[in-house]
Amino acid sequence: MIKGEKIILGIDPGTNFMGYGLIQIINNKPSLLTMGVIQLNKIDDHYLRLKRIYERITMLIDEFHPDELSIEAPFFGKNVQSMLKLGRAQGVAMAAALGRDLPVTEYAPLKIKMAITGNGAASKEQVSGMIQKILKIEQDKMPAQFDATDALAAALCHYYQSSRPSITKSYSGWKDFMAKNPSKIRK
């Protein structure tokens, strides 16, 4: 393994389409390994969809040997049945990773969008555009569906979050910050 090398598998869970993306980090520089979509909408039985998710995620793990899995947390919607199905799909993807001893980290959609675009309310198009720029993906290689770029966004968000230096100081407000950092105050 090259010093500083890490592979992160990102997942955008879904019951019709599940996006996946793998990035490789070498010397603190992320690059694209692969991305795609697991098409599930042609499988009528929900349990067979879950089986397909498990098989495909396991295959990706066995092929690319990622070090970690980053997955988008389901957002709360109005349709309870859809939420249950989405939660199951996410759980199966997580079980596939855990079955291969991969650590799993879950991120809220807002956190992922914020990490990639700086805007927690960014559109899928904006996230996809930033992913294309950050990972230098040629236009003809960009997927038609946003599930794959959303998965790459989850992987990049995890890289950004895990590569930040630990903050050892905490502050209760500006007064506390100024009291603990007098050298940073200009008079």
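Now for a quick tour of the structure.

1. Quick look at the overall build of the chain
Okay, so step 1: In terms of regular secondary structure, the chain is built from six helices and five strands.
Okay, so step 2: Walking the chain from its N terminus toward its C terminus, one meets helices and strands in the order β-β-β-α-β-α-β-α-α-α-α.
Okay, so step 3: Considering the chain as a whole, with its 187 residues, one finds that 40% of them fall into the buried category.
Okay, so step 4: A sequence separation of at least 24 residues applies to 60% of the contacts in the chain between residues at least 6 apart.

2. A few points about the sheet that holds strand 5 (residues 104–107)
Okay, so step 1: Pairing in this open sheet of five strands is mixed, and the strands run 3-2-1-4-5 from one edge to the other. The sheet is open, and its two edges are formed by strand 3 (29–39) and strand 5, each paired on a single side. Strand after strand, the sheet turns through a mean of 20 degrees between neighbouring axes, direction not considered.
Okay, so step 2: Two strands pair when backbone bridges link them, and strand 4 (residues 68–72) and strand 5 are joined in this way by four bridges, in the parallel orientation. For Glu72, the partnering residue across the bridge sits in strand 5 and is Tyr107.
Okay, so step 3: Against the sheet, helix 2 (residues 80–99) makes contact with strand 1 (6–12), strand 2 (17–26), strand 4 and strand 5, and its axis sits at roughly 175 degrees relative to strand 4, the strand it touches most.

3. Section: the pairing of strand 1
Okay, so step 1: Extensive coverage of strand 1 is indicated by the burial of six of its seven residues.
Okay, so step 2: Two strands pair when backbone bridges link them, and strand 1 and strand 2 are joined in this way by seven bridges, in the antiparallel orientation. Residue pairing for strand 2: Gly10 is matched across the bridge by Gly21.
Okay, so step 3: For strand 1 and strand 4, the ladder comprises four bridges, and the chain directions are parallel. Opposite Gly10, over in strand 4, you have Ser70 as the bridge partner.

4. Side note on the pattern of salt bridges
Okay, so step 1: Counting across every chain of the model gives four salt bridges.
Okay, so step 2: Where Glu68 meets Lys6, a salt bridge forms, and the shortest distance between an N and an O atom there is 3.1 Å. Of this pair, Glu68 sits in strand 4 while Lys6 sits in strand 1, and the two are 62 residues apart along the sequence.

Thresholds applied
Residues numbered from 1 in each chain as written. Predicted model: local features only at pLDDT ≥ 70, side-chain atom pairs only at ≥ 80, totals over all residues. Heavy atoms only, no water. Helix = DSSP H or I, 4+ residues; strand = E, 2+ residues; numbered from the N terminus. Buried < 20%, exposed > 50% of the residue type's maximum accessible area, 1.4 Å probe, protein only. Contact = heavy atoms within 4.5 Å. Pairing = 2+ DSSP bridges. Axes fitted to C-alpha atoms, helices over the stretch in contact; angles between N-to-C directions. Salt bridge = Lys/Arg side-chain N within 4 Å of Asp/Glu carboxyl O.

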